[in-house]
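# Examination of the molecular architecture
Chain by chain, the residues:
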Amino acid sequence: MMPSIPKLPAKSYVLCILLIVVCEISTSEVPRPRGVPLSHNPLYNPAKDFVCLDNSLSIPFSQVNDDYCDCPDASDEPGTSACIHGTFFCMNVGHTSTYISSSRVNDGICDCCDGTDEYVKGKCANNCQELGQSAMKEAARQSELLKAGKQIRASMCEMGIKLKAEKKDKLVIFAAQKIEAEKIMREKEQIKKNIEELESAALEQYRQIEEENKRIKQEEENKKNRQEAEDTFVRFDSNKDGIVEVSELQSLHTFDRDRNGEVTVEEAKYFLNSKDSMSLEDFVVEAWPAMKPFLMLDEGLYKPPQPAGVGEVEEVPINGEEPTTEAEFEEGVNEEEDEEDEEHPEEEEEHEETNPEVTYDEETQNLIEKATAARSEFTEADQSVRDIQSEITKIEEYLNKDFGPDEAFAPLEGECFDYMDYEYIYRLCPFDKATQQQKSGSSDTRLGSWSKWSNQNYDAMLYDRGQSCWNGPQRSTTVAISCGSENKLTSVSEPNRCEYHFTFETPAACYKATTEGIKDIHDEL
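Residues numbered from 1 in each chain as written. Predicted model: local features only at pLDDT ≥ 70, side-chain atom pairs only at ≥ 80, totals over all residues. Heavy atoms only, no water.

The protein is annotated in an unreviewed UniProt entry as Glucosidase 2 subunit beta from Nicrophorus vespilloides.

Written as C-alpha cells, this is what we have:
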C-alpha cells in the first residue's frame, strides 16, 4: 500500500511549480534567447539557421539578438531594441508575465519587475516576488468580494425576474382595461354627438336672431356715423357750396396739429387726403375717418393714451407720413373698439358655444345642460383611455430594456446614486439619466439620457443626448460598471470637454472571475 501524499497549501503549491520551472530552465540543453517566451523557445534553436517567424527570411542563428533588425517581423531581435516594432518578453517569475515594446529595452527605465529589460547596466531590482504576493492578496480580496457580491446578485436576479413578471401581468390587465375604456369612450362619444346635434338645431334660431340684431345694430351705427359726417361737412362748408375746401379747414383751430397757433395748408390737406377740396361723399369716405378722433379730442369725448412724462402733443413735420399723435389716436380708437367688443360678446363671430347673455327657453336650456354634461363625460372617458395607454407605454418600455444576464440590473431601475466632489453633486439614475448639480443648489444639468449598453459584457453604459455645452456638443456620459458589495457611484471625471466618465460598483456585475492575474501566471508556467 502506497503512502498518501500530503496536500500542500495553494501558496506552497505555486512556489513548488516556480522552483521546478527555474530548475528546468537552468538545466535545459537549449538556452532560451533573451526576450523569448517559453512557448516560443523551440523556434530558436542555435544549432540551426533561424527562420523569421513570418517565414520571410532565413538567417544564421548568430544574427539573433545581434542588435540589427534582419526579419521584417522583428522576430530575430526579441531581446534588443534594434527593431522599433518588436516586442520583449518579461518572464517576471513570481508575478504576471508580460510583453513590452522593444523600444523600452535598455532605455534606463525598469519596465519588467525582474529587471531583464535593462540587462546592459543591470541596475533594476527584481521585485516580482513582492508584486506577486501583493497581486495574490488583491486577487484573494477580489475573490471574497466576488463571493459576497454573487450572493447579493442572486437576490437581485430573483427580484429582477419577479419585477419583469409583475410588469407582464400588469400589461395584460391594462390591455383588458383599455379595451373596456375604449368601448365606454365610443359610447360617450356617440351620446355627445347625438345631443350636440339637437343642441345645435335648437341654438340655430337663436344664432339667427343674434345675427339679425348685430346687423340692425351695425346699420344703426353706420347711419349714426354718416349723419355725424354729414353734419360736420355742413358745419365746415362755410360758403355752402357743397364742397369743403382747404381754406375752410384753415379757419378751424382743431386742425392745428403742431399747436403753433395757425392751421397750415399742409395740415388742412392732411385731413382732406392731400386734396384741395372734397364733396360730401368723398368727405364721408376719405376725410371723416381721419377727422373724427381729432374732433372727439377737441370736444373732450376722447383722450388718446400718452407715454409717461409726455404732456403735450409732439410736433411732427408734415411730410406725407402719418405723425406720432395720429398713430396714438388711431391706437386709442382701436383699443376702445376692442374694449367695446369685450363688453359686448354678442358682437363676436358666430361660434358653437352658448351666449351667457342670452336667455333661452326651458327646453333649449335643458338641451344645453345635457350637451355640456355629455361633453364632460366624453372628456373624462377619453382621458381614461389616454391614462391607461400611458401606463401601457411605460411598461412596454420597461420590458424592452436590457437589464443584463438574468435581469440582474433590473432592481436598479428607478433608483439614483450620488457622488459629491468639492463643487458638484453628480447623480446616476440607471436606465434613466445622469445629471450634475452645483452644491449651491442650482437646477440640474443633464449629462445624458439612457441610450444603451456600450458592449455585450455589460460593463459599460452610455448616456447621451444631454444638455448642449456652451458653443459645444451635447453632453454624454460613459458609466464603467464593476463588481462591488453595494450599489455605489465611486468616481466622476471629465476626460474630454462635455464627455463624462462615471465608475459604478454593484453586486449585479459580480458574475465574472476576478483572478485573471493568477490565471496568467499559471498559464505561463
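Moving on from the coordinates now.
Moving on, we get to the packing of aromatic side chains. Going through the model one piece at a time under the given rule, you end up with 18 aromatic pairs. Ring geometry for Phe 236 versus Phe 255: centroids 5.6 Å apart, planes at 80°, classification edge-to-face. With Phe 236 in helix H2 (residues 128-236) and Phe 255 in the loop between helix H3 (246-250) and helix H4 (265-271), this residue pair connects regions lying 19 residues apart in the sequence. Here the aromatic rings of Trp 453 and Tyr 458 are separated by 5.1 Å at their centres, their planes lie at 75°, and the arrangement is edge-to-face. Of the two residues, Trp 453 and Tyr 458, neither departs from the other in class, the shared state being buried. The structure contains a cluster of three or more aromatic residues connected by ring pairs, namely Tyr 398, Phe 403, Phe 409, Phe 431, Trp 450, Trp 453, Tyr 458 and Tyr 463. (Phe/Tyr/Trp six-rings, centres within 6.5 Å; stacked < 30°, edge-to-face > 60°. Helix = DSSP H or I, 4+ residues; strand = E, 2+ residues; numbered from the N terminus. Buried < 20%, exposed > 50% of the residue type's maximum accessible area, 1.4 Å probe, protein only.)

This part takes up the packing of H2 against helix H7 (residues 362-400). Each pair of packed helices can be described by the angle between their axes along with the distance between the axes. It is at 7 Å that the axes of H2 and H7 come closest, and there the two elements cross at 160°. By the angle between their directions, the pair H2 and H7 is classed as roughly antiparallel. As for the relative orientation of H2 and H7, their crossing is left-handed in sense. Here the residues of the contact of H2 with H7 sort into 25 nonpolar, four polar and 17 charged. (Axes fitted to C-alpha atoms, helices over the stretch in contact; angles between N-to-C directions. Parallel < 35°, antiparallel > 145°, perpendicular 65-115°, else oblique. Left-handed = near helix turned anticlockwise from the far one by under 90°. Nonpolar A, V, L, I, M, F, W, Y, C, P; charged D, E, K, R; others polar.)

A full pass over the atoms with the stated rule returns 21 salt bridges. With its nearest N and O atoms 3.2 Å apart, the salt bridge here joins Lys 188 to Glu 377. Of this pair, Lys 188 sits in helix H2 while Glu 377 sits in helix H7, placing them 189 residues apart in sequence. Here Lys 188 falls in the partly exposed class, since its relative accessible area comes to 25%. Using a relative accessible area of 35% as the deciding quantity, one classes Glu 377 as partly exposed. (Salt bridge = Lys/Arg side-chain N within 4 Å of Asp/Glu carboxyl O.)

Helix H5 (residues 280-298) packs onto H2 with a crossing angle of 90° between their chain directions and a minimal axis gap of 9 Å. With respect to their mutual orientation, H2 and H5 come out roughly perpendicular. Contacts from Asn 225, Arg 226, Glu 228, Ala 229, Glu 230, Thr 232, Phe 233 and Phe 236 of H2 reach H5 at Leu 280, Glu 281, Phe 283, Val 284, Trp 288, Met 291, Lys 292 and Leu 295. When its residues are assigned to classes, the contact of H2 with H5 shows nine nonpolar, two polar and five charged. (Contact = heavy atoms within 4.5 Å.)

The phi dihedral of Asn 65 is positive, around 55°, even though this residue is not glycine. Positionally, Asn 65 belongs in the loop between strand E2 (58-59) and strand E3 (87-90). Note on Asn 65: relative accessible area 23%, which makes it partly exposed. With a phi angle near 55°, Asn 106 is a residue other than glycine that sits in the positive phi range. With respect to the helices, strands and loops of the structure, Asn 106 is situated in the loop between strand E4 (98-101) and H2.

Per-residue confidence for the protein gives a mean pLDDT of 81, with 81% of residues at or over 70. Confidence over residues 1-8 falls short of pLDDT 50; this stretch has one contact with residues more than four positions distant or in other chains. Taken together, the stretch residues 20-29 has pLDDT below 50 and engages in six contacts with residues farther than four places along the chain or on a different chain. (pLDDT = per-residue confidence, 0-100.)

Moving on, we get to H7. In this model, H7 (39 residues) spans 57 Å end to end at C-alpha, consistent with the 57 Å of a helix rising 1.5 Å per residue. Packed against the buried residues of H7 are H2. (Expected span 1.5 Å × (residues − 1).)

Attention now goes to the side chain of Asp 237. Counting through the fold element by element, Asp 237 comes out in the loop between H2 and strand E5 (244-245). The buried charged residue Asp 237 lacks any salt bridge partner; its closest oppositely charged side chain belongs to Lys 240, at an N-O distance of 6.1 Å. Side-chain polar atoms of Asp 237 contact the backbone nitrogen of Gly 242, separated by 2.8 Å. Among residues more than four places away in sequence, those in contact with Asp 237 are Gly 242, Ile 243, Val 244 and Glu 248. (Lys, Arg positive; Asp, Glu negative; His and termini not counted. Polar contact = N/O pair within 3.5 Å; in protein donor to acceptor, adjacent residues only side chain to side chain.)

For the rest of this paragraph, the subject is the environment of Ser 103. Take Ser 103: it is sitting in the loop between E4 and H2. Here the side chain of Ser 103 touches Ser 101 through a polar contact of 3.0 Å, side chain to side chain.

Let us look at the nonpolar core. Among the nonpolar cores identified, the biggest contains 28 residues, and Phe 409, Trp 453, Met 461, Val 479, Ile 481, Phe 502 and Phe 504 are the most heavily contacted of them. Elements with a minimum of two residues in this core: H2, strand E8 (424-429), strand E10 (445-453), strand E11 (460-464), strand E12 (476-483), strand E13 (488-496) and strand E14 (499-506). Look past the residues within four positions of Trp 453 in its chain and what remains in contact with it is Asp 402, Gly 404, Phe 409, Phe 431, Tyr 458, Asp 459, Ala 460, Met 461 and Ile 481. Core analysis: the second largest hydrophobic core is formed by 21 residues, Phe 233, Leu 272, Phe 294 and Leu 295 among them. (Core = buried A, V, L, I, M, F, W, Y, C linked by side-chain atoms within 4.5 Å.)

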